[in-house]
Amino acid sequence: DAKTTQPPSMDCAEGRAANLPCNHSTISGNEYVYWYRQIHSQGPQYIIHGLKNNETNEMASLIITEDRKSSTLILPHATLRDTAVYYCIVRVLGSARQLTFGSGTQLTVLP
Amino acid sequence: DAGVTQSPTHLIKTRGQQVTLRCSPKSGHDTVSWYQQALGQGPQFIFQYYEEEERQRGNFPDRFSGHQFPNYSSELNVNALLLGDSALYLCASSSTGLALVTDTQYFGPGTRLTVL
C-alpha cells in the first residue's frame, strides 16, 4: 500500500472549516484514500473514503486531486469534539488488507 | 445495532504472565483484525482472522496468537508478557463477504494492557 505524508499538527478555530491535507504521490490506480480519526485513548473512528471523485457524508468531505497524488479532508464546521489525531491511509478496496497507520495529524480545535 | 465491543477495558499483568483479550465484531461482519498501539504511535497490525483462520499476520512474534469462533468473535492471546507489550490493543471488524462493495474496518474502544 502507498505511503502517506501528513503534517504533524494543525490548529483550527471552533466553527471554522478544518482542512487536513494528505500527500500520497505513489498511490496506485486501485488504491482508495481512507480517513480515520482517533480521539485520545479511544479506538479509531472511520470517517470517509474515496477513489477519485469527491465524497461527502454527514461527518466530512473528501477532496481528491485529479492526479490523485493528494487529498484534503474537510470538516465544515469544526467543534471542540473534533480535536483528535486524523489518519490518512491508502489501501486497495476489497483486498482485505490491514490498515497501515502513519503518524497522522493532531488537529486541535480552539475555542 | 451494536458496534465492535472489547473486553476487558483495562488489564494489569506482570512480566511472564499470559493474557487473553476478547472482541465481538459489529453485527453482520465476519472478519476481525487486531492492532497494537503503543503510547504516542499509530496502531500496528498484528493479525487478521476470517473463517476461523489467521489470514494475514504482521511483524509480531509467535507469543501473539489468536482465535476466531464460529460466531465470528475473536480472542487475542499474548504469552510470556514483556514490559514492551504494554499498549492499547484494538480490534477492528469488517465484512469480507461484501469485499467488492466495501471492507471498511470499524474499531472497538480497545483494551489497555499494562505490564508491570
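Here's what I pulled together on the structure shown here. Please read all numbers here as calculations on a predicted model, not as lab measurements.

Moving on: the state of the cysteines. Going through the model one piece at a time under the given rule, you end up with 2 disulfides over all chains. Disulfide pairing places Cys22 of chain A opposite Cys88 of chain A at an S-S distance of 2.1 Å. On the sign convention where negative means left-handed, the S-S torsion of about -80° between Cys22 of chain A and Cys88 of chain A marks this disulfide as left-handed. Highlighted residues: Cys22 of chain A in strand β2 (residues 18–23) and Cys88 of chain A in strand β8 (residues 84–92), separated in sequence by 66 residues. You'll find Cys22 of chain A and Cys88 of chain A in the same group, each marked buried. With its sulfur 1.7 Å from that of its partner, Cys23 of chain B forms a disulfide with Cys91 of chain B. Disulfide Cys23 of chain B-Cys91 of chain B: torsion about the S-S bond near -55°, hence left-handed. With a gap of 68 residues between them, Cys23 of chain B in strand β3 (residues 19–24) and Cys91 of chain B in strand β9 (residues 87–94) connect regions that are remote in the sequence. The exposure class assigned to Cys23 of chain B is buried, which follows from its relative accessible area of 2%.

Residue and element names in this part refer to chain B. Positionally, Gln17 belongs in the loop between β2 (10–13) and β3. For Gln17, a relative accessible area of 34% corresponds to the partly exposed category. With 68 residues separating them in the primary sequence, Gln17 and Asp85 have C-alpha atoms 11 Å apart. When near neighbours in sequence (up to four residues on either side) are disregarded, Gln17 contacts Val78, Asn79, Ala80 and Leu81.

Across the contact, 20 residues belong to chain A and 23 residues belong to chain B. Counting across the chain A and chain B interface gives 0 salt bridges. The interface formed by chain A and chain B contains 3 residue pairs in polar contact (both at pLDDT 80 or more). Among the elements of the structure, β3 (31–38), β4 (45–50) and β8 of chain A are those that each provide at least two residues to the side of chain A that touches chain B.

This model, assessed by the stated rule, comprises 11 aromatic pairs over all chains. Pairing Phe101 of chain A with Phe107 of chain B gives two aromatic rings, centres 6.0 Å apart and planes at 75°, and the pair type is edge-to-face. Of this pair, Phe101 of chain A sits in the loop between β8 and β9 (105–110) while Phe107 of chain B sits in strand β10 (residues 106–107), each in a different chain. Accessibility classification places Phe101 of chain A together with Phe107 of chain B in one group, the buried group. Among the aromatic side chains, those forming a connected cluster through ring pairs are Tyr36, Tyr46, Tyr87 and Phe101 of chain A together with Tyr35, Phe45, Tyr106 and Phe107 of chain B. In this structure, Lys26 of chain B is placed above the aromatic ring of Tyr106 of chain B, and the distance from its NZ or CZ to the ring centre is 5.4 Å.

Ranked by internal contacts, the top residues of the largest apolar core, which has 21 residues, are Leu20, Trp35, Leu73, Leu75, Tyr86 and Leu107 of chain A. Mapped onto this core, the elements with two or more residues apiece are β2, β3, β4, β6 (61–64), β7 (70–75), β8 and β9 of chain A. At 4 residues, the largest contribution of residues to this core is made by β8 of chain A. Tyr49, Phe64, Leu76 and Val115 of chain B belong to the second largest nonpolar core, which has 20 residues in total.

Quick notes on the rules
- Residues numbered from 1 in each chain as written.
- Chains lettered and ligands numbered in written order.
- Predicted model: local features only at pLDDT ≥ 70, side-chain atom pairs only at ≥ 80, totals over all residues.
- Heavy atoms only, no water.
- Disulfide = S-S within 2.5 Å.
- Helix = DSSP H or I, 4+ residues; strand = E, 2+ residues; numbered from the N terminus.
- Buried < 20%, exposed > 50% of the residue type's maximum accessible area, 1.4 Å probe, protein only.
- Contact = heavy atoms within 4.5 Å.
- Salt bridge = Lys/Arg side-chain N within 4 Å of Asp/Glu carboxyl O.
- Polar contact = N/O pair within 3.5 Å; in protein donor to acceptor, adjacent residues only side chain to side chain.
- Phe/Tyr/Trp six-rings, centres within 6.5 Å; stacked < 30°, edge-to-face > 60°.
- Lys NZ or Arg CZ within 6 Å of the ring centre and 35° of its normal.
- Core = buried A, V, L, I, M, F, W, Y, C linked by side-chain atoms within 4.5 Å.

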